[in-house]
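Single-letter residue listing:
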Amino acid sequence: MRFAIVERNDERSRALKNELTSELEQRGHVESLNPEIVISIGGDGTMLQAFHTYLDQVEHITLVGIHTGHLGFYADWRPEEMKELIHHLDGKQFEAVEYPLLELKIDYADGSKNQLLALNECTIKSFNQTMVCDLSIRGDYFETFRGDGLCISTPSGSTAYNKALGGAIVHPALEAIQITEMASINNRVYRTIGSPMLLPKHHDVEIRPVNPIDFQLTYDHFASIVHQNVTAITCRVSNQKVKFARFRSFPFWKRVRESFLAEERT
Ligand code: NAP
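Reading the values: the criteria
Residues numbered from 1 in each chain as written. Predicted model: local features only at pLDDT ≥ 70, side-chain atom pairs only at ≥ 80, totals over all residues. Heavy atoms only, no water. Salt bridge = Lys/Arg side-chain N within 4 Å of Asp/Glu carboxyl O. Helix = DSSP H or I, 4+ residues; strand = E, 2+ residues; numbered from the N terminus. Buried < 20%, exposed > 50% of the residue type's maximum accessible area, 1.4 Å probe, protein only. 1 Å grid on protein atoms, 1.4 Å probe; cavity = no way out; pocket = protein on both sides within 12 Å on 5 of 7 lines; lining within 4 Å. Points joined across faces, edges and corners; volume = space filled by probe spheres on them. Nonpolar A, V, L, I, M, F, W, Y, C, P; charged D, E, K, R; others polar. Near = heavy atom within 4 Å. Polar contact = N/O pair within 3.5 Å; in protein donor to acceptor, adjacent residues only side chain to side chain. Areas by Shrake-Rupley, 256 points an atom, 1.4 Å probe, with all protein chains shown as cover.

Novice: I tried to follow the pattern of salt bridges on my own but got confused; where do I start?
Specialist: When the charged atoms of two side chains lie near each other, side chains of opposite charge can form a pair. Per the counting criterion, the structure on display carries 16 salt bridges. Between Arg246 and Asp76 there is a salt bridge, with its nearest N and O atoms 3.5 Å apart. Here Arg246 is found in strand β15 (residues 230-246), whereas its partner Asp76 is found in the loop between β4 (62-67) and α3 (82-90), with 170 residues between them in sequence. Using a relative accessible area of 7% as the deciding quantity, one classes Asp76 as buried.

Following this line, the structure appears as structure tokens:
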């Protein structure tokens, strides 16, 4: 098996990487730039890095995460379980679950376009003034948003920034994207829907700035400045998916409970 390891760049994660590399190589597996399996050692943030490092090969890779901090959503193996994980990796045959991704298309005034993929979400914010933009869903005008910004997340990203904004936690078996507002202005003059919204796979949302302002666009752990010449940002569920290795059952709702409520039933 060809493998690659992405680690958080702390002492513990580096040591685990060295140990795992040598164990896998002793078993005849090969570290490769064209891996079949990508192992992330760190936290969910490290998994985001691993995903983007191998994004151009996303159809051919399967991801697995070892957490060296607290339990993660993407990183669900503990360092103490390395032997068990190696045993599974050695077996070569494993099941994988597929999670939906967010596709992001940016149109510029000069006609150029940019396309990005996100595992967690993208956010669109303005810097020093209220963001005003028209939202259309499936080509139909929906609302004019006024506020700090918008977050568009995947189901697996729904436990990250989206959750902090009051969005719903969405099971990754649902092929959907969620739109959540950041501090929208709602009064007798200005009105937004005010609730998080889930769009199914065949729907898209187009966000068009009303005034030419500078945007900050973030996607996953990347933040970039998008200047005035953006005419539209369109988000939809991507046709591409990401695969995570499932060597054992660890239901999503159990992970939610263990991450946000309590480890043991009290
Ligand atoms: P970071 O600011 O260093 O860490 C953000 C936190 O989000 C970390 O604790 C990370 O877990 C956790 N996280 C990432 N993906 C998650 C997921 N799918 N479910 C639950 N928790 C998740 O930034 P980072 O490590 O580079 O991660 C970038 C992510 O930070 C963004 O995609 C965004 O979702 C999130 N973020 C959240 C807020 C907020 O909640 N107010 C604000 C900005 C960004 P680990 O510790 O396991 O890495």
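Novice: Looking at this structure, I do not really get the layout of surface pockets. What am I missing?
Specialist: Over the atoms, a rolling probe the size of a water molecule traces out where space has been left empty. Here the second largest pocket is characterised by a volume of approximately 170 Å³. As for the second largest pocket, its lining consists of 14 residues, and the residues nearest its centre are Asp44, Phe73, Thr159, Ala160 and Phe260. Ranked by residue count, the leading element in the lining of the second largest pocket is helix α2 (residues 44-53), at three residues. Tallied by class, residues from the lining of the second largest pocket come to six nonpolar, seven polar and one charged.

Novice: Is there a simple way to think about the site of the ligand in this case?
Specialist: Near the ligand there are 16 residues, and of these Asp44, Gly45, Asn120, Glu121 and Thr159 occur at the shortest range. Separating an oxygen atom of the ligand from a side-chain N or O atom of Glu121 is a distance of 2.4 Å. The separation between an oxygen atom of the ligand and a polar main-chain atom of Tyr161 is 3.2 Å. If the ligand stood free it would expose 830 Å²; the protein chains cover 61% of that surface. Elements supplying a minimum of two residues to the shell around the ligand: α2 and α4 (161-164). Per-element tally for the shell around the ligand: the top contributor is α2, with three residues. Across the shell around the ligand, the residue classes break down as six nonpolar, seven polar and three charged.

Interpretation note: all reported values are geometric properties and have no functional meaning in isolation.
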